[in-house]
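Read off the chains here:
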Amino acid sequence: MSAHTRIVAWVLLVVALALTVAGSATWSLLVGRLDARVGAELANEAEKLRAFAKRAGPATDVRGLLRDYLGTMTPDTYETYFSVVNGKVDQYSVVRSDERLHLNKELVAAASAAQEPSTGWASSDAGQVRYLVMPVRVTGDDRKAAFVVGVFYDEQRREVTDVMRSFALTSALAVAVAGAAGWLVAGRVLAPVRLVRKTAERISDSADLTRRLDVPGDDDISALAGTFNRMLDRLERAFAIQREFLDDAGHELRTPLTVVRGHLELMGEEDREETVALVLDELERMNRIVDDLLLLARSEQPGFLDVGEVAVAELTVDVLAKVRTLADRTWRLDEVADTHVLADGQRLTQALVQFVANAVRHTRDGGRISVGSALRGQRLELWVRDDGPGVPADQRARIFERFVHGAQTGTGLGLAIVANIAAAHGGRAEVRDAPEGGAVFLISIPAYRTGEPGEPHSDR
Ligand SMILES: Nc1ncnc2c1ncn2[C@@H]1O[C@H](COP(=O)(O)OP(=O)(O)OP(=O)(O)O)[C@@H](O)[C@H]1O
Ligand SMILES: [Mg+2]
């Protein structure tokens, strides 16, 4: 069921329920009043008969008394009288043919047997009748007489039923109007929602992420459209980045493949060994590129870091010890931060090793490369310094992007990985001028410090 029909169904249900409650309350009120009115009417008739008998004074003829009484009385609508003398109907008021209550033999018998005034229910051709029997006795006359008043209850109730019928008709009309109004209003309210849905469908069908929703106004729906559009912005950007990444990666891998293929095609008997060595070399390079690509992709995922307590001084010294043998350089230890931080020690080491690999590539034999670490306020800095040519100012931001590399260097993934390692730690990677020429590559991360062994937790 669509939201539209659901809203209308609810409106109809609520309106119908309200009208039903109102209707049944009215019904029981009207019926209650009717009952009370009929009771009062009968009591009034009894009172009138008593008053008449009192006014007439002492009588000797019970039949005459009742005849006189009936002669003066005209029954109201829905009412009839008759008198019973010695078990027989004596006189009755003139009424419609279906209201001839005096033809009811049981009632006549009950009336002539009555000793006390009594009320009850009888049936007639005009439906149920509420009656009152008043036995009448006259001293000196031993005839048993009674006066009977009947009120045609069902006929009066028919009036109530008529009222209720027109109430029901009006209610049906009200429900229809409410339904139509609900349908229109729901349609207006839901129109923007439908627009959002349609556009979203069109976008997902055509896979065209450049489309945007256009919902004017400043209500919830246009806010929803805004949120949706911002999500599309992010998706579009993410997909663009991914596509670029694939393009770049494909391009980088195609070059060694072309080289390998060319050499294999041209390979003769005599240069066989040489070609195999070259091909193996290229394959090794591709292997490294693939590894780096995977590492780069993983470094952008959550959960990349394996955070633990890292002794920064030890880490700095270890990196230097590890890279010393890489090349013939003058290796130095600048300074070390004597502290413990929460970080991923392996990834930090990896980052520094990347810096060192680049520094080796950009320095000559005997050139100077220094490694160091220091706490600066709430931040930890780790760096590698060299006395090579340095990085021109206009290149500094770009070299951290992937596949950005100089003329005869590597793939250009190294610094991109380092930048991601720093970002995963909530920090950044950057390059600066070294005071004495060359480059300083450093990563700067927030120092979430743990208490040094033997010391309380502190920020000193
Ligand atoms: N110490 C440095 N001195 C001067 N330039 C540098 C230094 N380190 C990096 N660069 C420049 O930054 C570029 C990007 O470095 P990056 O480590 O990202 O790539 P790469 O070393 O060329 O390749 P890869 O690390 O993937 O093998 C390098 O190609 C080089 O031009
Ligand atoms: Mg590198």
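Here the residue numbering is sequential within each chain, running from 1 through the sequence in written order. A letter from A marks each chain and a number from 1 marks each ligand, given out in the order of writing. Residues qualify for local features only when their pLDDT is at least 70, as the model is predicted, and side-chain atom pairs are given and counted only at 80 or more; totals for whole chains, interfaces and linings, by contrast, use all residues. Computation of side-chain values covers all heavy atoms of the structure but excludes hydrogens and water.

Re the domain arrangement of the chain
We apply this condition: Per the annotation, domain bounds derive from an automatic or database assignment of domains. Should any heavy atoms of two residues lie within 4.5 Å, those residues are considered in contact. By buried area we mean the combined loss of accessible area, with a 1.4 Å probe, across both parts when two parts are placed together. Here a salt bridge means any side-chain nitrogen of Lys or Arg lying within 4 Å of a carboxyl oxygen belonging to Asp or Glu.
Domain boundaries assigned for the chain yield domain 1 (3-159), domain 2 (220-299) and domain 3 (308-446). Here the C-alpha centre of domain 3 lies 25 Å away from the C-alpha centre of domain 2. Contacts between domain 2 and domain 3 engage 13 residues on the former and ten residues on the latter. For the domain 2 and domain 3 pair, buried surface summed over both sides reaches about 1100 Å², with 63% attributable to carbon and sulfur atoms. For domain 2, the biggest contributors to the area lost against domain 3 are E252, L295 and L296; these three give 43% of the whole. In this structure, the connection of domain 2 to domain 3 is made through one salt bridge. In this structure, D248 and R402 form a salt bridge, with 4.0 Å as the shortest nitrogen-oxygen distance.

So, unusual backbone geometry
A negative phi angle characterises most non-glycine residues, just as the trans form characterises most peptide bonds. Basically, it comes down to this: Note on classification: 1.4 Å probe, protein chains only; a residue is buried when its accessible area is under 20% of the maximum for its type, exposed when over 50%, partly exposed between these limits.
Of note, Y78 is a non-glycine position whose phi angle comes to about 65 degrees, a positive value. Relative accessible area serves as the criterion here: at 21%, Y78 is assigned to the partly exposed category. With a phi close to 50 degrees, N86 is a non-glycine residue in the positive phi region. Residue N86 is classed as partly exposed on the basis of its relative accessible area, which comes to 47%.

Overview of the packing of helix α1 (residues 3-56) against helix α4 (residues 153-206)
In a pair of packed helices, the angle between the axes and the distance between the axes together describe the arrangement. Here is the rule: The axes used here are C-alpha line fits, helices contributing only the stretch in contact, and every angle between their N-to-C directions lies in the interval 0 to 180 degrees. Helix and strand assignments come from DSSP, with helices taken as H or I runs of at least 4 residues and strands as E runs of at least 2, each series counted from the N terminus. Roughly parallel here means an angle under 35 degrees, roughly antiparallel means over 145, roughly perpendicular means 65 to 115, and every remaining angle is called oblique. Crossings are sorted by hand: turned counterclockwise from the far helix by less than a right angle, the near helix makes the crossing left-handed, and turned clockwise it makes it right-handed. Basically, the charged four are Asp, Glu, Lys and Arg, the nonpolar ten are Ala, Val, Leu, Ile, Met, Phe, Trp, Tyr, Cys and Pro, and anything else, Gly included, counts as polar.
Running from amino to carboxyl end, α1 crosses α4 at an angle of 160 degrees, the nearest separation of the two axes being 8 Å. With respect to their mutual orientation, α1 and α4 come out roughly antiparallel. As for how α1 packs across α4, the hand of that crossing is right-handed. Residues belonging to the contact of α1 with α4 are distributed by class as follows: 25 nonpolar, ten polar and four charged.

A closer look at the sheet that holds strand β11 (residues 428-433)
Formally: When DSSP finds at least two bridges between two strands, those strands are taken to pair.
In spatial order, the strands read β7-β9-β10-β12-β11; together these five strands make up an open sheet with mixed pairing. The strands lining the two open edges of the sheet, one partner per strand, are β7 (330-333) and β11. Each adjacent strand pair in this sheet contributes to an overall mean axis angle of 15 degrees, direction not counted. One ladder, built from six bridges, connects β11 with strand β12 (residues 439-446); its direction is antiparallel. Across the sheet, V431 pairs through a bridge with F441, a residue of β12.

Describing helix α6 (residues 272-299)
Applicable threshold: A helix is expected to reach a length of 1.5 Å times the quantity of its residues less one.
Helix length check: α6 (28 residues) gives 40 Å between terminal C-alpha atoms against 40 Å at 1.5 Å per residue, within 8%. Burial in α6 covers these residues: T275, V279, E282, M286, I289, D292, L293, L295, L296 and S299. Summarising the contacts, the buried residues of α6 are in contact with α5 (220-266), α8 (345-361) and α9 (414-424).

Regarding the layout of surface pockets
The condition that has to hold: Any residue with an atom within 4 Å of a point lines the site, the site being either a cavity, points on a 1 Å grid over the protein atoms alone where a 1.4 Å probe fits but cannot get out, or a pocket, an open set with protein on both sides within 12 Å along at least 5 of 7 lines. Grid points are joined across faces, edges and corners, and a volume is the space filled by probe spheres set on the points.
Taken as a whole, the largest pocket spans an internal volume of roughly 780 Å³. The set of elements that each furnish at least two residues to the lining of the largest pocket consists of α6, α8, α9 and β12. Per-element accounting of the lining of the largest pocket gives the leading share, five residues, to α8. Of the residues assigned to the lining of the largest pocket, the class counts are 13 nonpolar, twelve polar and six charged. When residues of the lining of the largest pocket are assigned to domains, at least three map to each of domain 2 (220-299) and domain 3 (308-446). A volume near 320 Å³ is recorded for the second largest pocket. A53, L65, V136, R137 and V138 are, among the 16 residues lining the second largest pocket, the residues nearest its centre. Elements represented by at least two residues in the lining of the second largest pocket include exactly α1 and β4 (127-138).

What to know about a nonpolar patch on the surface
We apply this condition: A patch is a set of surface residues, each over 30% in relative accessible area and not in a salt bridge, joined within 9 Å for like charges and within 5 Å for the nonpolar side chains Val, Leu, Ile, Met, Phe, Trp and Tyr. To be clear on the numbers: accessible area is Shrake-Rupley with a 1.4 Å probe, and residue cover counts the displayed protein chains and nothing else.
Taken together, the side chains of L264, M267, V276, L280 and L283 present a nonpolar region at the surface, about 420 Å² in accessible area. When residues in the nonpolar patch are grouped by element, the largest group, three residues, is from α6. Checked against the element boundaries, M267 lands in the loop between α5 and α6.

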